[in-house]
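The lines below spell out each chain.
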Amino acid sequence: MVRVRYAPSPTGSPHVGNIRTALFNWLFARAQGGKFIVRIEDTDRNRFVPGSEEDILLALRWLELDWDEGPEVGGPYSPYKQSERAELYRETAHRLVDEGKAYKCFCASERLAEMRKEQEAAKTAIGYDRRCRRMSKEEAAAREANGEAYVIRFAMPLEGVTSYYDLVHKKEVEFKNVLTDDFVMLKSDGFPTYHLANIVDDHLMEITHVMRADEWMSSMPRHVQLYRALGWEPPKFAHLPLLMGPDGQKLSKRHGTVQFTEFIGEGYLPDAMFNFLALCGWSPGDDREIMSREEILSLFSLDRILDRPAVFHHDKLKWMNGHYIREMSLEQYMAATLPYLQKEGVLPAELNAETRAYAERVLPLEQEKLRLLGEITELTRFFFEEPKSFDEKAVAKWFGETHISQMLDALIQRFNALENFTPEETERVIREVIAWLGVPNGHVIHPTRVALSGRATGPSLFDMIAALGKERVVRRLEKAKQMVRV
Ligand code: GLU
C-alpha cells in the first residue's frame, strides 16, 4: 500500500511551495487509496519557531487535506514528532559506529572554521577533511572517556558514484561520491541532523514514496548511502520542481504573498487554492484550468508531474478565486464575506434582521467582480457608512461642470417623489434627468456615482441606488452639493 508523508520543519509560517508539497502527497495517497502521514521534523532546535506547527496544521485543515497518521490523530508509528523520537536516532547512529560505517569526530568548531578558511583560500572542495576517520578506536575511546564532546559522522565512500531513479525527472540521477563529505548524523547534543532522522523515520514508518521539493535532491547521495549502510530498502523518490515567479526566479516575497496563512487572511477560498496549487507543477494532460477536487483526484498521477519549474502567477490565482466566488450560493457568499466587514468594524458582530437584509441586498452586487474576499470591505464600505473621502480625480472632473447643481437638485426632487425605489424606476429617473439637462449619459451617471459612493467605479449605478434606498440617496445627494465648485 502507498504510504507517503509530508514532513515539515516548524521553522516559520509555511511557504506556499511547502503546502504544495503537502497537497501533492495527499493527492497521491488519496488517488492510490494509500495513507497520508504528517511528521513534524523539529530536531533543529535553533531554527524552531513557536506557532509554526500550528500554522502548518491550520493550512492543511483549511485546504481539507486530512491525514491518516500524525499529530493530533496518532497512529501505529507514534510519535510523529521527531523531538520525541531522539533515542531511535541515537541508537541507529551508534549502531553504524559499531559497524565501522560511521565514526565519532572530536574536531572542535574552531578547528573546523580554520579548515574551512584554508580550503577557501586554496579553492579546494569545502567539506570535512576526515581527520577523525583515521583515528584509532583506542584514541577515540580515550577521548570520549575524557569527556570530550563529539559528533557522529557518516563515512561516505571515497570513490565511485551514488545514483537513484527519480520518478518525476524520469531518470537515473548520479552523484560523484568524492563531492559529498562525511556529514554529521548526530550532533554533540545527541540530536540527529535532518539526514539521519529523516531516513530513520521514513524506514520505520514504512514510507513507500518520498515526494518533496527539488531542493532536497542534493541530499540523495547521503540518503542512499545511509539506506545502504543500514541494510534498508529505500523508498521511491520523486522531487518536485520549484515554484518560480513570472521572472524565472525562485518564488519569494518579491513576487507577492508567499506565506500560506497570509493567503488565507486575504480571502482566498480553499477550493480555488486547491485547484490552483494542483496545477502548479501537475497537468491533467490538457489545458483545463477550472477543476473540482474530484476531477483532480480522479486524474492525479505521478507521471503527470512536470519536470520543470512551475510558474506561480498571483493574477491567475486571483482570477481563479473570482471564479469560485461567483459559484457560491448566496448563503455561502454571505457567510464568507460578512466576517471581513465585521472584523473591520463596518458591521457589528451581531446583525439585526434589518441590517442583515440590507447586507444581503448590497453584498451580492459585488459578487461578480470580487476576486478576493478581503476586498469586500473597501468595495462595499460606502453602503454602510457615508463616504468620508471622494475620488479626487472624479470630483475634479465632474463637480466643476455647469450642470451639476441643477442635476443634484433635479435628482433629489425626483428621487424624493419616487415611490418604488427599484432599479428600473431609479434608472427611469436618471434617464429623465439626462434628457432634461441635454447632456451625454456619463455627465450624470459618473458624478452621481461619486456623490453616492465616493468612488469612480462600482456596481451598476441603478442597482446601487435602489439598494442604498431613498433615504441614504437623498441625504448623500444633498451633502454632495458642498463639493460643487461653480
Ligand atoms: N523537514 C524537511 C522540510 O522541511 C523535509 C524534507 C523531506 O521531505 O525530506 O522540508
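Remember, predicted model here, so these are calculated numbers, not experimental data. (Residues numbered from 1 in each chain as written. Predicted model: local features only at pLDDT ≥ 70, side-chain atom pairs only at ≥ 80, totals over all residues. Heavy atoms only, no water.)

What follows is about the overall build of the protein. Each helix and strand counted, the protein has 20 helices and eleven strands in total. In terms of C-alpha radius of gyration, the protein reaches 32 Å, well past the compact-globule figure of 23 Å for 486 residues. Once the C-alpha set of the protein is aligned to its principal axes, its extents read approximately 105 × 50 × 40 Å. Within the protein, the fraction of its 486 residues that count as buried is 50%. In the protein, the proportion of contacts linking residues at least 24 apart, taken out of those at least 6 apart, comes to 75%. As displayed, the protein has an accessible area near 23100 Å², and 50% of this comes from carbon and sulfur atoms. A distance of 3 Å separates the average location of the 65 positive side-chain charges in the protein from that of its 74 negative side-chain charges. (Helix = DSSP H or I, 4+ residues; strand = E, 2+ residues; numbered from the N terminus. Rg over C-alpha atoms; globule rule 2.2 N^0.38 Å. Buried < 20%, exposed > 50% of the residue type's maximum accessible area, 1.4 Å probe, protein only. Contact = heavy atoms within 4.5 Å. Areas by Shrake-Rupley, 256 points an atom, 1.4 Å probe, with all protein chains shown as cover. Lys, Arg positive; Asp, Glu negative; His and termini not counted. Charge placed at Lys NZ, Arg CZ, Asp CG, Glu CD.)

Every residue close to the ligand is listed here: R5, A7, S9, E41, Y194, N198, R212 and W216. Within the side chain of E41, an N or O atom sits 2.6 Å from a nitrogen atom of the ligand. N198 is positioned with one of its side-chain polar atoms (N or O) 3.1 Å from an oxygen atom of the ligand. In isolation the ligand offers 290 Å² of accessible surface; the protein chains occlude 89% of this area. Of the residues contributing to the shell around the ligand, the split by class is three nonpolar, two polar and three charged. (Near = heavy atom within 4 Å. Polar contact = N/O pair within 3.5 Å; in protein donor to acceptor, adjacent residues only side chain to side chain. Nonpolar A, V, L, I, M, F, W, Y, C, P; charged D, E, K, R; others polar.)

Turning our attention to the nonpolar core. Grouped together as the largest cluster of nonpolar side chains are 112 residues, with contacts concentrated most on F260, F312, L363, F384, F399, F415 and I430. In terms of residue count, the dominant contributor to this core is helix α1 (residues 16–32) (nine residues). Leave out the neighbours within four places in its chain, and F384 touches L341, V346, L347, Y358, A359, V362 and L363. Formed by 45 residues, the second largest nonpolar core is a distinct cluster that contains A93, Y128, L230 and F237. (Core = buried A, V, L, I, M, F, W, Y, C linked by side-chain atoms within 4.5 Å.)

What follows deals with helix α9 (residues 270–278). Each full turn of the α-helix corresponds to 3.6 residues, which orients residues three or four apart in the same direction. For α9, the buried fraction is high: seven of the nine residues fall into the buried class. Of all the positions in α9, only A272, M273, F274, N275, F276, L277 and A278 are classed as buried. The inward-facing, buried residues of α9 abut α1, α2 (52–62), α8 (260–266), α10 (293–299) and α11 (314–326).

Let us look at the packing of aromatic side chains. Under the criterion given, the structure shown has 16 aromatic pairs. Centroid distance W26 to F274: 5.8 Å. Interplanar angle 85°. Geometry classified as edge-to-face. Remark: F274 occurs in helix α9 and W26 occurs in helix α1; sequence separation between them is 248 residues. Using a relative accessible area of 0% as the deciding quantity, one classes F274 as buried. For the ring pair Y164 and F237, a centre distance of 5.8 Å and an interplane angle of 85° mean the geometry is edge-to-face. (Phe/Tyr/Trp six-rings, centres within 6.5 Å; stacked < 30°, edge-to-face > 60°.)

Compared with an ideal rise of 1.5 Å per residue, which puts twelve residues at 16 Å, helix α18 (residues 442–453) spans 16 Å between its outermost C-alpha atoms and is within 8% of the ideal. Burial analysis of α18 places nine of its twelve residues in the buried class, the great majority of the element. Every buried residue belonging to α18 is among V444, I445, P447, T448, R449, V450, A451, L452 and S453, and all of these are buried. Elements in contact with the buried residues of α18: α14 (376–384), α15 (392–398), α16 (404–417), α17 (423–437), α19 (461–468) and α20 (470–480). G454 sits one or two residues past α18 and shows a positive phi near 80°. (Expected span 1.5 Å × (residues − 1).)

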